[in-house]
Amino acid sequence: MLLSELLNRRAYIKIQIEELRTYLRTEKDISNFNKIINRLFELEDKFQKYTLILDKVNFENEVEIGSNVVSVATAIRLRQATERKILALTSLICNTRIKLDILNLMKQRNELIEEFHIYDKAISLNDWRTNVD
């Protein structure tokens, strides 16, 4: 199985976990409570197994970012940090109560978006070429 497939499967499991949790929180009369809890625990175990595999593979594999080679785990952290910066700049750009140089902020955000795409591309290429079987 490719890493990208494992990521998709894990995402689907996460959705199922949330659906069951929501059901348990909102339903008043649950006749099959034990079955639902058992299924929830099975999904949680599978989610944890996939997460551990992902963590191991991401620390073992490396990607090229510009002229640097870093672990996939590091590239993911860099991408996340860049995304937080983009969101912060977007928030400032959308804030009409503060007088700011909006064109400069937009320029900075565009540069960060380009950086984000570099990280994302390297990570995605790794996801599509890495086998986790």
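Predicted model only: the values in this text are computed from it and were never measured. The residue numbering used here restarts from 1 in each chain and proceeds along that chain's sequence as written. In keeping with the model being predicted, local features are shown solely for residues with a pLDDT of at least 70 and side-chain atom pairs are shown and tallied solely at 80 or more, while totals for entire chains, interfaces and linings include all residues. Heavy atoms throughout the structure, all of them, feed into the side-chain values; hydrogens and water do not.

(A) Up close: the packing of helix α1 (residues 3–26) against helix α4 (residues 102–129). Every axis in this analysis is a line fitted to C-alpha atoms, fitted for helices over the stretch in contact. Angles between the N-to-C directions lie between 0 and 180 degrees. Helix and strand assignments come from DSSP, with helices taken as H or I runs of at least 4 residues and strands as E runs of at least 2, each series counted from the N terminus. Following both chains from N to C, one finds α1 and α4 inclined at 100 degrees, their axes separated by 5 Å at the closest point. As far as their axial angle goes, α4 and α1 are roughly perpendicular. Residues Leu3, Ser4 and Leu7 of α1 form the contact with α4, whose participating residues are Asn126, Asp127 and Trp128. Under the convention adopted here, Pro, Cys and the residues Ala, Val, Leu, Ile, Met, Phe, Trp and Tyr are nonpolar, Asp, Glu, Lys and Arg are charged, and Gly plus all remaining residues are polar. Of the residues contributing to the contact of α1 with α4, the split by class is three nonpolar, two polar and one charged. The scheme is simple: roughly parallel for angles under 35 degrees, roughly antiparallel for over 145, roughly perpendicular for 65 to 115, oblique for anything else. The contact definition used throughout considers only heavy atoms, calling two residues in contact when any of these lie within 4.5 Å.

(B) Here's a closer look at a nonpolar patch on the surface. What makes a patch is a set of residues exposed beyond 30% relative accessible area and free of salt bridges, joined within 9 Å when like-charged and within 5 Å when nonpolar (Val, Leu, Ile, Met, Phe, Trp, Tyr). Areas reported here follow the Shrake-Rupley algorithm with a probe of radius 1.4 Å; residue values treat only the protein chains shown as occluding. What makes a salt bridge here is a side-chain nitrogen of Lys or Arg within 4 Å of a carboxyl oxygen of Asp or Glu, nothing more. A cluster of nonpolar residues, Leu92, Ile98 and Leu100, forms a patch on the protein surface that exposes about 230 Å² of accessible area. Locating Leu100 in the fold gives a position in the loop between α3 (72–94) and α4.

(C) Region of the structure containing the pattern of salt bridges. According to the stated counting rule, one finds seven salt bridges in the structure shown. With its nearest N and O atoms 3.2 Å apart, the salt bridge here joins Glu42 to Arg39. In this pair, Glu42 and Arg39 both sit in helix α2 (residues 33–60), three residues apart, roughly one turn of the helix. For Glu42, a relative accessible area of 47% translates into the label partly exposed. The partner of Glu111 in a salt bridge is Lys107, with the nearest N and O atoms 3.6 Å apart. One end of the pair is Glu111 and the other is Lys107, both in helix α4 and four residues apart, which spans about a single turn. Judged by its relative accessible area of 47%, Glu111 is partly exposed. Note on exposure labels: buried denotes an accessible area under 20% of the residue type's maximum, exposed denotes more than 50%, and partly exposed covers the range between, all computed with a 1.4 Å probe on protein chains only.

(D) Structural context of the environment of Asp29. As for its placement among the helices and strands, Asp29 is situated in the loop between α1 and α2. Classification of Asp29 as exposed rests on a relative accessible area of 67%.

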